Amino acid sequence: MTDGQLTDRSVIVTGAASGIGRRAAQRFHAAGASVVLADINLTGAQAVADDLPGAIAVGVDIGDLDSVKAMVAATTDAFGRIDVLVNNAMVCGRSRLLDAPVEELRTDFEVNLLGPFLTCQQVLPVMIAAGRGVILNVSSVNGLTHLGNEAYSAAKAGVLALTRAIALDHGHQGIRCNAVAPGTVRTEVWDHRLKADPHALDTAASFYPTGRVGEPDDIADALLFLAGDQASWITGVTLPVEGGLLAGNLAMARGITAAD
Ligand SMILES: NC(=O)c1ccc[n+]([C@@H]2O[C@H](COP(=O)([O-])OP(=O)(O)OC[C@H]3O[C@@H](n4cnc5c(N)ncnc54)[C@H](O)[C@@H]3O)[C@@H](O)[C@H]2O)c1
């Protein structure tokens, strides 16, 4: 997407204070969109928005209905329309299934699954009234295959069902809904693992056919494409953006062919 291709479009990015959401917000802004940076970390979102003329930051807890309603109202007050919603905010509990406190499970489901349900529920009427809109759900390879973090992964799989439902039920009203499933992406979410093991991302990279982990721009590129008119006949799909991780089992393929 080059500058100017989303001019006059209004875009909400949740989780825009950090990582992929921050980069997506910057890239949507560079493409000409009016951007709402929505995050539970309002200070962080505001710091990003300060460098994006015309963009606004909104504090939101996407797991809370009243908070989501306020985010939608702030967007329509500021820009009068919502053309694109990027459901990107997330948390990820670290406990394993047998040890996970119920509150941690609840938070994983509330932020990663209930949150996108609530934002879609509140944004869709605005889009339906306008006869157009694009919803993009940031899922994960964890929603497609097991890689750890059970509750987070279950929520990410649930978001794919939501994506398909919206695509089918609201396509005739001018709404498209797609998901992206990123692989490992170098963001703040990896900080705690890098602290324990400075080579954690190098280890992760060794599982990728492309030999590297992703960068926030890799995901932003896919989001911009799916948001734009070039994707006008693409809906209900999940686009893996994962350097080939899901194409097969690289370690096994290398292992069994090593002696050939
Ligand atoms: N980084 C990766 O390796 C990776 C891999 C696969 C998928 N993803 C997905 O990409 C998206 C972005 O991940 P990231 O790595 O940039 O994460 P991140 O932790 O850097 O950013 C997440 C943002 O969400 C915000 N947030 C948390 N709870 C919230 C709530 N209740 N309401 C509103 N905002 C809230 C946080 O404040 C933070 O700014 C997520 O959906 C994640 O599941 C990331």
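Counting of residues starts from 1 at the beginning of each chain's written sequence and follows it residue by residue. This being a predicted model, a pLDDT of at least 70 is required before a residue's local features are given, and a value of 80 or more before pairs of side-chain atoms are given or counted; all residues contribute to the totals for chains, interfaces and linings. Water and hydrogen atoms were dropped before computing side-chain values, which therefore reflect all heavy atoms in the structure.

> I'm lost on the sheet that holds strand E3 (residues 56–59) in this one. Help?
Pairing between the strands of a sheet is mediated by backbone hydrogen bonds and can be parallel or antiparallel. Strand pairing requires that DSSP identify at least two bridges connecting the strands. Strands here mean DSSP runs of E at least two residues long; helices mean DSSP runs of H or I at least four residues long; both are numbered from the N terminus. The seven strands lie next to each other as E3-E2-E1-E4-E5-E6-E7, forming an open sheet whose pairing is parallel. Edge strands, defined here as strands with exactly one partner in the open sheet, are E3 and strand E7 (238–241). On average, each strand axis in the sheet is tilted by 20° relative to the strand beside it, whichever way the strands run. Taken together, the four bridges between strand E6 (residues 175–182) and E7 define a ladder with parallel strand orientation. A fitted line through C-alpha atoms represents every axis, and for helices the fit uses only the stretch in contact; the resulting angles, taken between N-to-C directions, go from 0 to 180 degrees.

> Before we go on, may I ask you to explain the site of the ligand in this structure?
Around the ligand sit 29 residues, and of these Ser18, Asp39, Asn88, Tyr152 and Thr187 come closest. For this analysis, a polar contact is any N or O atom pair within 3.5 Å, provided that within protein one partner can donate a hydrogen and the other can accept it, and provided that sequence-adjacent residues contribute only side-chain to side-chain pairs. Interatomic distance of 2.8 Å between a backbone N/O atom of Ile20 and an oxygen atom of the ligand. Within the side chain of Tyr152, a nitrogen or oxygen atom sits 2.6 Å from an oxygen atom of the ligand. Surface exposure here means Shrake-Rupley accessible area, sampled with a 1.4 Å probe, where a residue is shielded only by the protein chains that are shown. For the ligand, whose free accessible area comes to 840 Å², the fraction covered by protein is 91%. Lining residues are those with an atom within 4 Å of a point, where the points come from a 1 Å grid over the protein atoms alone and group into cavities, where a 1.4 Å probe fits but cannot get out, or pockets, open sets with protein on both sides within 12 Å along at least five of seven lines. Placement in a cavity or pocket follows one criterion, namely that more than half of the molecule's atoms lie within 2 Å of its grid points. Taking a 2 Å distance to the grid points as the criterion, the majority of the atoms of the ligand fall inside the largest pocket. If you list the elements that add at least two residues to the shell around the ligand, you get helix H1 (19–30) and helix H5 (150–170). Three residue categories are used. Nonpolar comprises Ala, Val, Leu, Ile, Met, Phe, Trp, Tyr, Cys and Pro, charged comprises Asp, Glu, Lys and Arg, and polar comprises the others, including Gly. Split by residue class, the shell around the ligand holds 15 nonpolar, ten polar and four charged. Throughout, the term near means that a residue has one or more heavy atoms lying within 4 Å of the molecule or strand in question.

> Would you explain the layout of surface pockets in this entry?
The gaps of empty space that remain are located by a probe, the size of a water molecule, rolled over the atoms. Grid points are joined across faces, edges and corners, and a volume is the space filled by probe spheres set on the points. Of the volumes computed, that of the largest pocket is approximately 1400 Å³. Elements represented by at least two residues in the lining of the largest pocket include exactly H1, strand E2 (34–39), H5, helix H6 (191–196) and helix H9 (250–257). Counting residues per element, the lining of the largest pocket draws most heavily on H1, which supplies three residues. Looking at the lining of the largest pocket residue by residue, the classes come out as 25 nonpolar, 18 polar and seven charged. If you add up the space inside the second largest pocket, you get close to 150 Å³. Around the second largest pocket, the lining residues are Arg9, Asp83, Val84, Arg132, Gly133, Val134, Gly174, Arg176, Ala227, Gly228, Asp229 and Ser232.

> Hey, could you run me through the pattern of salt bridges in this one?
It is possible for side chains bearing opposite charge to pair when their charged atoms get close. The rule for a salt bridge is simple: a side-chain nitrogen of Lys or Arg has to be within 4 Å of a carboxyl oxygen of Asp or Glu. Counted by the stated rule, this structure contains ten salt bridges. Two residues, Arg27 and Asp217, come together in a salt bridge whose shortest N-O distance is 2.8 Å. You can see Arg27 sitting in helix H1 and its partner Asp217 sitting in helix H8 (residues 216–227), a full 190 residues away along the chain. Given a relative accessible area of 15%, Arg27 falls into the buried group. Among the ionic pairs, Asp218 bridges to Arg212, the shortest N-O distance being 2.8 Å. Look at the salt bridges and you will find they share partners, linking Arg23, Arg27, Asp217 and Asp221 into a network. For each residue, the accessible area found with a 1.4 Å probe, counting protein chains only, is set against the maximum for its type, and the residue is called buried under 20%, exposed over 50%, and partly exposed in between.

> Even after reading the chapter, I still don't get the pairing of strand E5 (residues 133–138), so can you show me in this structure?
Buried residues dominate E5, accounting for six of its six residues. In E5, alternate side chains face the same way, and those of Gly133, Ile135 and Asn137 on one face and Val134, Leu136 and Val138 on the other are all buried. As paired elements, strand E4 (residues 84–87) and E5 share four bridges and run parallel to each other. Paired with Val84 across the strands is Val134, a residue of E5. With strands facing away from the observer, any crossover in which the path from the first strand over the helix to the second runs clockwise is taken as right-handed. Note on the crossover from E4 through helix H4 (residues 102–130) to E5: the handedness is right-handed.

> Mind showing me how you'd approach the nonpolar core here?
In terms of nonpolar packing, the biggest core is built from 34 residues, with Phe28, Leu37, Val86, Leu136, Val180 and Leu223 touching the most fellow members. At the level of elements, strand E1 (10–14), H1, E2, helix H2 (42–49), E4, E5 and H8 are the ones that each hand at least two residues to this core. It is H8 that contributes the most residues to this core, six residues altogether. Excluding anything up to four places from it in sequence, Leu223 contacts Ala24, Phe28, Val86, Leu136, Val138 and Val180. Think of a nonpolar core as a cluster: buried Ala, Val, Leu, Ile, Met, Phe, Trp, Tyr and Cys residues, connected wherever their side-chain atoms sit within 4.5 Å. Formed by 23 residues, the second largest nonpolar core is a distinct cluster that contains Val36, Val72, Val123 and Ile175. Any two residues having at least one pair of non-hydrogen atoms within 4.5 Å are treated as being in contact.

> Help me out: how do you make sense of the packing of H4 against H5 in this one?
For any two helices packed against each other, the geometry comes down to the angle between their axes and how far apart the axes lie. Contact pair H4 / H5: the axes reach a minimum separation of 8 Å and the direction vectors enclose 15°. One element, H4, and the other, H5, form an angle in the roughly parallel class. With respect to the hand of their crossing, H4 and H5 are arranged in right-handed fashion. Only Ala151, Tyr152, Ala154, Ala155, Lys156, Gly158, Val159, Leu162, Ile166 and His170 of H5 make contact with H4, whose side of the interface consists of Leu105, Asp108, Phe109, Asn112, Leu113, Pro116, Phe117, Cys120, Leu124 and Ile128. The class makeup of the residues in the contact of H4 with H5 is 15 nonpolar, three polar and two charged. Angles below 35 degrees are treated as roughly parallel, those above 145 as roughly antiparallel, those between 65 and 115 as roughly perpendicular, and all remaining angles as oblique. Should the near helix be turned anticlockwise from the far one by less than a right angle, the crossing is termed left-handed; should it be turned clockwise, right-handed.

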